[in-house]
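Structural overview
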Amino acid sequence: MADAATATEIVMAGWEKPIGAAIAFAAGAIGTAWAQNRIGAAGAGTIAEKPETAGSIIVLEAIPETLVILGFVVASMIIIML
Amino acid sequence: MDYGYVNARVRGMHSVLLDKKSYDTLLIRQDLPSVLSELENTPYKREIEEASVIHTGIAAVDFALRKNLIRTYQNISDLVRGTRAEGYIRIFLSRWDVQNIKTILRGKNIHASHDEIFECLVPAGVLDDATLTELLKQPDVRSIIDLMATWNIPYAIPLTESVDEWAESRELVTLEYALDLFHYQNALAAVQGRGSENRIIRHLIRAEIDTMNIKNVLRIIRDNLETEPAMSLFLEGGGHIDREKFIAMASMRSPEEAVSVLDGTPYYFLQGLPPVAYSPGTISIIEKELDLYLMRKGMRLFRGDPLDIGVVIGYLWAKYGEVINLRIIARCKYAGVSDEDLERELFHV
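Residue indices begin from 1 for each chain and proceed along its sequence in written order. For naming, the first written chain is A and the first written ligand is 1, with later ones following in the order written. In keeping with the predicted nature of the model, local features appear solely for residues at pLDDT of at least 70, side-chain atom pairs appear and are counted solely at 80 or more, and the whole-chain, interface and lining totals rest on all residues.

Once that is clear, we can look at the overall build of chain B. The helix and strand inventory of chain B stands at 18 helices and zero strands. Throughout, radius of gyration means the C-alpha value; the globule benchmark is 2.2 Å times the number of residues raised to the power 0.38. Relative to the globule expectation of 20 Å for 349 residues, the C-alpha radius of gyration of chain B, 21 Å, shows essentially globular dimensions. For chain B, the spread of C-alpha atoms along the three principal axes comes to 55 × 50 × 45 Å. Nonlocal contacts in chain B, meaning residues at least 24 apart in sequence, comprise 58% of its contacts between residues at least 6 apart. Secondary structure elements follow DSSP: runs of H or I no shorter than four residues count as helices, runs of E no shorter than two count as strands, and numbering proceeds from the N terminus. Two residues qualify as a contact pair if the distance between their C-beta atoms, derived from the backbone, is within 7 Å.

And the structure:
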């Protein structure tokens, strides 16, 4: 009985980590994509009318990248530390 | 629809509208030529330069402002082409079609010259420059209506239905009323849905119908028309002015009394106007206040939801207001009107 429980734990630990890491990374990536889509559309409109705002728009467009980086870090921690 | 791109562009356009400082700079100019040269430092530069080649003086300002307004409206139309917003913008711009047709009919009715009528047209709607020019070439009102019917222009429907009545009475108001009724009923029918955008546009159209009804009543009273025939000028579809209110207003003897019927509606503010607004024979101040009310209502939409049609509609109203103000400034400078009077004439929105 005890042997069976140990075997189950080992099997779960095998697929939990990559799935968890994948969810962490994918959620960050999807969030980033959605945010960049909206910011990109509005940013393109703004640059079309006021080209001098291009610098600010590029910075704003890059800000959501932090989400996917955070997702990547969490995914790495899941893989390495657990 | 994703309004991100369109609204960002429109916000960019809104940011180059003239601010108070620019108006002050124009107002301190002594005469029309200096106003013209000052306008060259604004986004109107291109049109002023084009106008200066063809016209001089006040005609150049009129030409440039009209051209700029048309160009702006066409820009917006191009931006929203193929999207859901196109229908809403078309509703807004169709008021110019109605205005243009009325101008042509009025011009032909009083036998004004081709050029005189053409200068008053703003081809910002569906009817473009070429169509309006062809309509202008027609010798009389009936031929204009016939040509519109031949080209399947929708506005020919109400005009054709009322042309016999007009032929008997020779009162152009018959045709204009039919045109207004058709326009507003069509506009309301196009925004019958339950969405928030439909609601916004519907609300605005209803307010416009209300202001038209109030103006009509005031004109009826000013011209001492009988209440019975006046009833045929009532436009259905208003938000606060229903048939009963319209009859009640039309049965009053003076604009002041008529306005007192507006208690409990958003138009009660007309009661607070100074006595000069109710001078006998003049209703222009009241009409201006109603136009201002409508303009403010439209412009307020710009500050609403950043991702809906309100931003575009708000901008279109703001641009219209700016062009009106610039025309007032140019005309007052041309006529040598005092600064105080000019300030009073401006649309402060």
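Now for the overall build of chain A. From N to C terminus, chain A includes three helices and zero strands. Going from the N terminus to the C terminus, chain A shows its helices and strands as α-α-α. Put simply, a residue is buried when 20 or more other C-beta atoms lie within 10 Å of its own C-beta and exposed when 12 or fewer do; between those, it is partly exposed, and each C-beta is set from the backbone. Of all 82 residues assigned to chain A, the portion counted as buried reaches 15%. Restricting to contacts in chain A with at least 6 residues of sequence separation, those with at least 24 account for 74%.

For the rest of this paragraph, the subject is the environment of Cys120 of chain B. Relative to the elements of secondary structure, Cys120 of chain B occurs in the loop between helix H7 (114–119) and helix H8 (129–136). Measuring from C-alpha to C-alpha, the distance between Cys120 of chain B and Thr103 of chain B comes to 7.2 Å, with 17 residues separating the pair along the chain.

Turning to the confidence of the model for chain A, a few remarks are in order. With 84% of its residues at a pLDDT of 70 or more, chain A has an overall mean of 87. Confidence of the prediction at every residue is given by pLDDT, a number between 0 and 100. The least confident element of chain A, judged by mean pLDDT, is helix H1 (residues 2–49) of chain A at 83; the most confident is helix H2 (residues 54–62) of chain A at 95.

Residue and element names in this part refer to chain B. For this entry, the nonpolar core is defined as buried Ala, Val, Leu, Ile, Met, Phe, Trp, Tyr and Cys residues connected by C-beta atoms within 7 Å. Counting residues in each nonpolar core, the largest one holds 72 residues, and the members touching the most others are Leu159, Val312 and Leu316. For this core, the element with the highest residue contribution is helix H17 (residues 310–335), accounting for eleven residues. In this structure Val312 touches Val6, Asn7, Val10, Ile76, Ala85 and Ile89, once residues within four positions along its chain are discounted. In terms of nonpolar packing, the next biggest core, distinct from the first, is built from 21 residues, Leu218, Ile220, Met249 and Leu262 among them.

A few words on the packing of helix H12 (residues 196–222) of chain B against helix H16 (residues 284–300) of chain B. Residue and element names in this part refer to chain B. It is at 10 Å that the axes of H12 and H16 come closest, and there the two elements cross at 180°. In terms of axis orientation, H12 runs roughly antiparallel to H16. Where H12 abuts H16, its residues Leu204, Ala207, Glu208, Thr211, Ile214, Lys215 and Leu218 lie against Ile286, Glu287, Leu290, Tyr293, Leu294, Lys297 and Gly298. Residue composition of the contact of H12 with H16, grouped by class: eight nonpolar, two polar and four charged. Orientation is described by lines fitted to C-alpha atoms, with helices fitted over the stretch in contact, and by angles between N-to-C directions that extend from 0 to 180 degrees. Comment on the angle field: the value is read as roughly parallel under 35 degrees, roughly antiparallel over 145, roughly perpendicular from 65 to 115, and oblique elsewhere. Each residue receives one of three labels: charged for Asp, Glu, Lys and Arg, nonpolar for Ala, Val, Leu, Ile, Met, Phe, Trp, Tyr, Cys and Pro, and polar for the others, Gly being one of them.

This part takes up the interface of chain B and chain A. Of the residues lining the interface, eight residues belong to chain B; the matching set on chain A comes to nine residues. By residue class, the composition of the side of chain B that touches chain A is four nonpolar, two polar and two charged.

Residue and element names in this part refer to chain B. For helix H3 (residues 32–39), every residue scored as buried is listed here: Leu32, Val35, Leu36 and Leu39. When H3 is viewed along its axis, its buried side chains cluster within an angular range of 100° and face the same direction. Those residues of H3 that are buried are in contact with helix H2 (20–27), helix H4 (45–54), helix H5 (57–80) and H17. As used here, the arc belongs to the directions running from the helix axis to the C-beta atoms.

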